[in-house]
Amino acid sequence: MSTGTVRVRTSATPARVYQALTTADDLRVWLAEHAHVDLEGGEFEYWGRYTPEGERHRQKLLGFDDRSVRYSWSLYGTEYVVELAVEQRDGETLIAATQSPYPKWGLGEDRDEVLQTFWPLVLGNLVEHVEGRPVLGFCDFTTPEQRFEFDIAATPAAIIDALTDPDVFARWFGARMEIEPHVGGRWSMGSLADEPNPAKVVALDEENLALEFPGGMVTSWELKGSEGRTRLTFVQSGFDPASPPRGPWMGWLSGFADLRRMLELPDWRPMWHSYDIPGLPDGVLVLE
């Protein structure tokens, strides 16, 4: 049975992280719309519109100690085992989400992609929360609309650079990208040489970037700056509303937390520490 682990780093103490992993009030900030926790009573649940198949009673507590909580999660007809843990390694505090089974990288099914991107998104929220910053936000599984707005204390020019410079992009997103930075140019996650069907740049100026993917889906960033701050509006459109691509959507959102941190924190270091994911090819991720 395959197992996958996503790890992020934080400056928060292990005690603060453990509290956030095991307290309902904290879970309702970084993980889910609703949560209920009674570890001694054998209860650990979360549900609501920010959770895949978000009905209640899908989780069952399997165990806990002073560094982790372990539970089963019934999702998409499969019983998953999840462990959320705080670790200390080489002087750093790490937060790890481990899930078994874990879908093999690159399968392309939306349910698999949801399972691959859900944890990076909520772990990004968790890092912000335990460090006293506002969380980025969530994917709403009750609507096909994919529109997200947030503020960054940076100029539009700095954000466009972070979106289009492959070296900068790799640092905050944690994965490689290649772009021909002009309208009509090609864009690919990974290498253009290895991508037979790249996206096309359909808008690029001081306040806009838009990509059109094969099949007609368009991903766009609109930037409105004022007095050193920017409102970023991120939209995906052109997909079948009966089957919204929530996996890729959460993949983008998971990166935006570190984009904001990179541009706002003077001592920033990427939150992404390591991915142990079955089938992940070498060179795709850029982690420190």
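Structure shown above.
Worth saying up front: this structure is predicted, and the values here are computed from it rather than measured.

Section: the overall build of the protein
Scanning the protein for helices and strands turns up six helices and 15 strands. Compactness check: the protein gives a C-alpha radius of gyration of 19 Å against a globular reference of 19 Å for 288 residues, within 12% of the reference. The dimensions of the protein, computed from C-alpha atoms along their principal axes, are 60 × 40 × 35 Å. Evaluated residue by residue, the protein yields a buried proportion of 50% over its 288 residues. Restricting the contact set of the protein to residue pairs at least 6 apart, pairs at least 24 apart contribute 52%. Surface accessibility of the protein: about 12,700 Å² in total, with carbon and sulfur atoms responsible for 47%. Of the charged side chains in the protein, 26 are positive and 46 negative, and the gap between their average positions amounts to 2 Å.

Focus: the packing of aromatic side chains
Within this structure, the stated rule accounts for 25 aromatic pairs. Measuring from ring centre to ring centre gives 5.0 Å for Phe118 and Trp119, while their planes differ by 75°; the resulting arrangement is edge-to-face. With respect to burial, Phe118 and Trp119 carry one shared label: buried. Aromatic pair Trp221 and Phe234: ring centres 5.2 Å apart, planes at 45°, arrangement tilted. In this pair, Trp221 is assigned in strand β13 (residues 218–226) and Phe234 in strand β14 (residues 229–237), connecting sequence segments 13 residues apart. Both residues of the pair, Trp221 and Phe234, belong to the buried class.

Comments concerning the packing of helix α3 (residues 110–130) against helix α6 (residues 246–264)
At a closest axis distance of 7 Å, the pairing of α3 and α6 adopts a crossing angle of 20°. Classified by the angle between their axes, α3 and α6 sit roughly parallel to one another. Regarding α3 and α6, the two cross each other, and that crossing is left-handed. Residues Asp110, Glu113, Val114, Thr117, Phe118, Pro120, Leu121, Gly124, Val127 and Glu128 of α3 form the contact with α6, whose own contacting residues are Arg246, Gly247, Pro248, Met250, Gly251, Leu253, Ser254, Ala257, Arg260 and Arg261. Class assignment of the residues belonging to the contact of α3 with α6 gives a composition of nine nonpolar, five polar and six charged.

Some points on the sheet that holds strand β6 (residues 78–89)
Pairing is antiparallel across the open sheet formed by six strands, whose spatial order is β4-β5-β6-β7-β1-β15. The sheet is open, and its two borders are formed by β4 (59–64) and β15 (272–276), each paired with just one other strand. Pairs of neighbouring strands in the sheet enclose a mean axial angle of 20°, with direction left out of account. Of the pairings in the sheet, the one linking β6 to strand β7 (residues 92–100) comprises nine bridges and is antiparallel in character. Looking at the pairing, Ala85 lines up with Ala96 of β7.

Side note on the nonpolar core
Counting residues in hydrophobic clusters, the biggest one holds 79 residues, and the most contacted among them are Trp119, Trp172 and Phe256. If you tally residues by element for this core, the top one is α3, at 10 residues.

What about the sheet that holds strand β10 (residues 186–189)?
The seven strands lie next to each other as β8-β14-β13-β12-β11-β10-β9, forming an open sheet whose pairing is antiparallel. Here the strands that pair on one side only, and so sit at the sheet edges, are β8 (147–152) and β9 (177–179). In this sheet, adjacent strand axes meet at a mean angle of 20° when their direction is disregarded. As paired strands, β13 and β14 are joined by nine bridges and run antiparallel to one another. The residue of β14 that forms the bridge with Gly225 is Thr230.

Looking at the environment of Asp205
Within the fold, Asp205 resides in the loop between β11 (199–204) and β12 (208–212). Accessibility expressed as a relative area gives 37% for Asp205, which makes it partly exposed. Considering only alpha carbons, one finds Asp205 and Leu121, 84 residues apart in sequence, at a separation of 28 Å. Within polar-contact distance, the side chain of Asp205 engages the backbone nitrogen of Glu207 at 2.8 Å. Within the structure, Asp205 has its side chain in polar contact with the backbone nitrogen of Asn208 (distance 2.8 Å).

Reading guide: rules and limits
Residues numbered from 1 in each chain as written. Predicted model: local features only at pLDDT ≥ 70, side-chain atom pairs only at ≥ 80, totals over all residues. Heavy atoms only, no water. Helix = DSSP H or I, 4+ residues; strand = E, 2+ residues; numbered from the N terminus. Rg over C-alpha atoms; globule rule 2.2 N^0.38 Å. Buried < 20%, exposed > 50% of the residue type's maximum accessible area, 1.4 Å probe, protein only. Contact = heavy atoms within 4.5 Å. Areas by Shrake-Rupley, 256 points an atom, 1.4 Å probe, with all protein chains shown as cover. Lys, Arg positive; Asp, Glu negative; His and termini not counted. Charge placed at Lys NZ, Arg CZ, Asp CG, Glu CD. Phe/Tyr/Trp six-rings, centres within 6.5 Å; stacked < 30°, edge-to-face > 60°. Axes fitted to C-alpha atoms, helices over the stretch in contact; angles between N-to-C directions. Parallel < 35°, antiparallel > 145°, perpendicular 65-115°, else oblique. Left-handed = near helix turned anticlockwise from the far one by under 90°. Nonpolar A, V, L, I, M, F, W, Y, C, P; charged D, E, K, R; others polar. Pairing = 2+ DSSP bridges. Core = buried A, V, L, I, M, F, W, Y, C linked by side-chain atoms within 4.5 Å. Polar contact = N/O pair within 3.5 Å; in protein donor to acceptor, adjacent residues only side chain to side chain.

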